[in-house]
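Fold and contact review
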Amino acid sequence: MLRLFSWLISCAILVMLTSCSDFDREFTVQSAKATIDVSADGTALVSESFDILVKEGENYGGVYVDIPQRFTDVAGSHWRDFDLITARWNGRDEHYFKENNVPGYAIYIGKWHCRNCPADLPAGPGKVEIAYRLGRLVRHEGDRQILSLPAYMGHVHDQGAKKAVTLTIPSGGMLRLSHRDPPAYEITQSAPNEILVSIAAGKGDRVLPDIEIEYPEGTFLSGTSDKLVRWWLSDHFLAFISILGPLIASGFAVSRLASGRRLPAASKAIDTEMLGSISPALAAYLFRNWKADAAKAAFMASVAHLAVKRKFRISGLGEDAEASDLSAKQARGKRKITGARWYSLPAATRFVFERIEKEQPVVDRRRILYASYGVEGELHKTVLAEYQKIRGKDRWISRAVLSILVLGVAVAYFAGLLIFSAAICGLLLVSLAAVGVLREPERISSPMDFRQVLGMCLGLPGLMIISVCYIVTTEVLSEQLPYLVAILLDIAGILVVAAILRVPTPKQRQIRDSVLSLDRYLRGGTDGPAMSVECYEHYLPFAVALDAEHYWTERFNFWQESEKMDAYAPDWRINS
């Protein structure tokens with residue numbers, strides 16, 4: 001549990017680091033310049049420089065440069081190729097990393113954030129320089145080729161500075177002017193292969209159109225077949241992995257639920273082989289649908305099971321019963337003769353014997369009632385382990401959960417929603433933990449150390465507050481909304497697949513049907529094995545588990561009278 005708390009707190013610290021920067025207060029963009037050199041293959045080498053004024057000595061330690069990568073034409077949405085070449089601060093190479101987003105990349109340039117290193121940039125003027133290569137800038141419209149250059153210089157943080165872009169392009173192109181009034185930017189063609197673009201300071205919500213230049217067909221080299229395949233895969237990769245996770249979850253859930261319903265018709269006959277593979281304690285829990293009152297019946301059924309197996313003698317099957325002549329300890333010492341018989345008993349039966357064995361005897365007798373105090377939790381855990389063992393290891397569930405988790409993380413990473421998704425998961429985990437505590441308060445009733453108390457009282461509420469604040473204050477772009485829905489579906493899919501662990505398998509349902517058939521047999525409602533002393537003793541523990549001991553004993557007594565047998569005096573009962 002502590003590891004979970006530490007992981008959640010680490011996520012909260014990451015959320016705080018990414019949300020605590022106020023660029024307008026810490027930095028000012030004084031000027032921005034860019035040069036774009038377009039090659040004959042339709043790619044462009046871009047160099048950008050920003051004059052930055054660091055206004056405060058304590059700051060985030062770096063700035064972000066946005067590189068738009070997505071564009072839309074008549075064929076749909078596409079992604080441009082991007083290859084980062086250099087990232088510098090004041091003329092020297094600086095630490096950087098790339099953050100994904102649906103519109104494009106956000107390149108962080110600045111100090112490396114770590115525990116033992118200062119992350120602040122020195123106050124005063126500074127220059128950020130970045131160089132990268134853009135591809136897939138040419139599209140076809142009929143018999144023309146259109147060179148489309150993104151107006152990425154239009155959005156530079158606070159929009160407080162003018163921007164100037166110098167374009168070097170192949171000759172023979174005709175500039176397509178913006179139809180906006182007033183124009184979004186000023187364009188001057190100083191030479192046949194050179195264009196100057198001036199972008200005035202504007203508001204942060206201003207959207208600038210791309211710069212488009214029309215060329216005759218054949219000006220730019222067409223893409224090779226392998227490049228066309230790579231472009232097609234890049235266009236559909238994010239959408240594919242977005243729908244793959246929900247498809248895996250829904251397909252897995254439908255297949256498992258369908259297989260669970262494809263059961264053979266319930267048989268009225270007693271399946272002795274299947275009943276012989278479970279303990280009377282498990283039969284008690286299955287008969288009562290795992291309710292809390294099943295623990296008492298399961299305990300007494302295990303006592304009867306130990307008695308008919310001659311592990312001790314009992315005075316009766318009620319709460320006031322006493323046990324004597326415990327022999328299982330000696331049996332465990334003689335491994336070659338009786339040790340195997342002891343370990344062949346179900347775990348729940350052995351657990352009940354150990355509880356009775358710990359009681360102090362009075363004249364060689366132990367009170368069964370005293371041994372039953374406080375066994376509910378441990379007995380339920382033991383019987384549940386037996387029930388899950390019948391199910392077996394379901395590796396496909398773990399594989400499905402892992403696959404959906406990996407796909408969800410991939411979608412969040414490439415869509416730029418990784419921290420946002422982590423905040424959602426943190427909020428969900430805290431909520432589930434709170435619901436679990438409310439439903440089962442006995443789990444926290446045991447004494448806790450200081451770290452556990454601190455995590456419960458401060459860590460979880462703090463994580464919830466930070467997650468809610470980050471979710472509320474973080475803007476999700478319209479392009480990110482479909483992928484956010486896919487991530488939420490992945491989270492729901494993981495919960496659905498995990499919930500299938502609580503759905504009984506066909507074998508588990510068959511065992512429960514066998515228990516119900518046995519109940520009808522014990523009460524005389526259906527036919528079954530012929531009555532005998534051995535049959536009576538064999539099914540007596542199950543009769544106790546199913547609250548049918550009275551009916552089962554009456555049937556045995558009636559059979560005994562019909563057979564004119566002597567009085568039944570078993571050696572596992574205390575006569576006096």
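See the structure shown above.
Residues numbered from 1 in each chain as written. Predicted model: local features only at pLDDT ≥ 70, side-chain atom pairs only at ≥ 80, totals over all residues. Heavy atoms only, no water.

**Side note on the pattern of salt bridges**
Note that side chains of opposite charge can pair when their charged atoms are close. Tallied over the entire structure, the rule returns 19 salt bridges. Arg-136 is the partner of Asp-235 in a salt bridge, and the nearest nitrogen-oxygen pair spans 2.8 Å. Of this pair, Asp-235 sits in helix α3 (residues 225-261) while Arg-136 sits in the loop between β10 (124-134) and β11 (138-141), and the two are 99 residues apart along the sequence. In this structure Asp-235 comes out as buried when scored by relative accessible area, which is 11%. Residue Arg-136 is classed as buried on the basis of its relative accessible area of 12%. Notably, a salt bridge pairs Arg-176 with Glu-214, separated by 2.9 Å at the nearest N-O pair. Of the two residues, Arg-176 sits in strand β14 (residues 174-176) while Glu-214 sits in strand β17 (residues 211-216), which places them 38 residues apart along the sequence. In this structure Arg-176 comes out as partly exposed when scored by relative accessible area, which is 31%. On the accessibility criterion, Glu-214 (14% relative accessible area) is buried. Here the salt bridges do not stand alone but share partners, grouping Arg-139, Glu-141, Arg-144, Arg-176, Glu-212 and Glu-214 into one network. (Salt bridge = Lys/Arg side-chain N within 4 Å of Asp/Glu carboxyl O. Helix = DSSP H or I, 4+ residues; strand = E, 2+ residues; numbered from the N terminus. Buried < 20%, exposed > 50% of the residue type's maximum accessible area, 1.4 Å probe, protein only.)

**Considering the environment of Gly-173**
Within the secondary structure, Gly-173 is located in the loop between β13 (163-168) and β14. Accessibility expressed as a relative area gives 23% for Gly-173, which makes it partly exposed. As for Gly-173 and Thr-219, which are separated by 46 residues in sequence, their C-alpha atoms are 9.2 Å apart.

**Some remarks on the sheet that holds β17**
Pairing within the open sheet is antiparallel, and its four strands lie in the order β11-β12-β17-β14. In this open sheet, the two strands that pair with only one neighbour each are β11 and β14. Mean inter-strand twist for the sheet, computed between neighbouring axes without regard to direction, equals 35°. Sheet topology places strand β12 (residues 144-149) next to β17; six bridges connect them, and they run antiparallel. Paired with Arg-144 across the bridge in β17 is Pro-216. (Pairing = 2+ DSSP bridges. Axes fitted to C-alpha atoms, helices over the stretch in contact; angles between N-to-C directions.)

**Considering the sheet that holds strand β8 (residues 96-99)**
Ordered by their spatial adjacency, three strands build an open sheet running β3-β9-β8, and the pairing between neighbours is antiparallel. The open sheet terminates on both sides in strands that have one partner only, identified here as β3 (62-68) and β8. In this sheet, neighbouring strand axes are inclined to one another by 20° on average, regardless of whether the strands run parallel or antiparallel. Of the pairings in the sheet, the one linking β3 to strand β9 (residues 104-110) comprises seven bridges and is antiparallel in character. When the bridges of β9 are listed, Val-63 appears paired with Ile-109.

**Brief notes about the packing of helix α17 (residues 533-545) against helix α18 (residues 549-562)**
Two numbers describe how α17 lies on α18: the axes approach to 9 Å, and their chain directions differ by 165°. Considering their axes alone, α17 and α18 lie roughly antiparallel with respect to each other. α17 and α18 meet at a crossing whose hand is left-handed. Along the contact surface, α17 presents Val-533, Cys-535, Tyr-536, Tyr-539, Leu-540, Ala-543 and Val-544, while α18 presents Glu-549, Trp-552, Thr-553, Phe-556 and Trp-559. A per-class count over the contact of α17 with α18 returns ten nonpolar, one polar and one charged. (Parallel < 35°, antiparallel > 145°, perpendicular 65-115°, else oblique. Left-handed = near helix turned anticlockwise from the far one by under 90°. Contact = heavy atoms within 4.5 Å. Nonpolar A, V, L, I, M, F, W, Y, C, P; charged D, E, K, R; others polar.)

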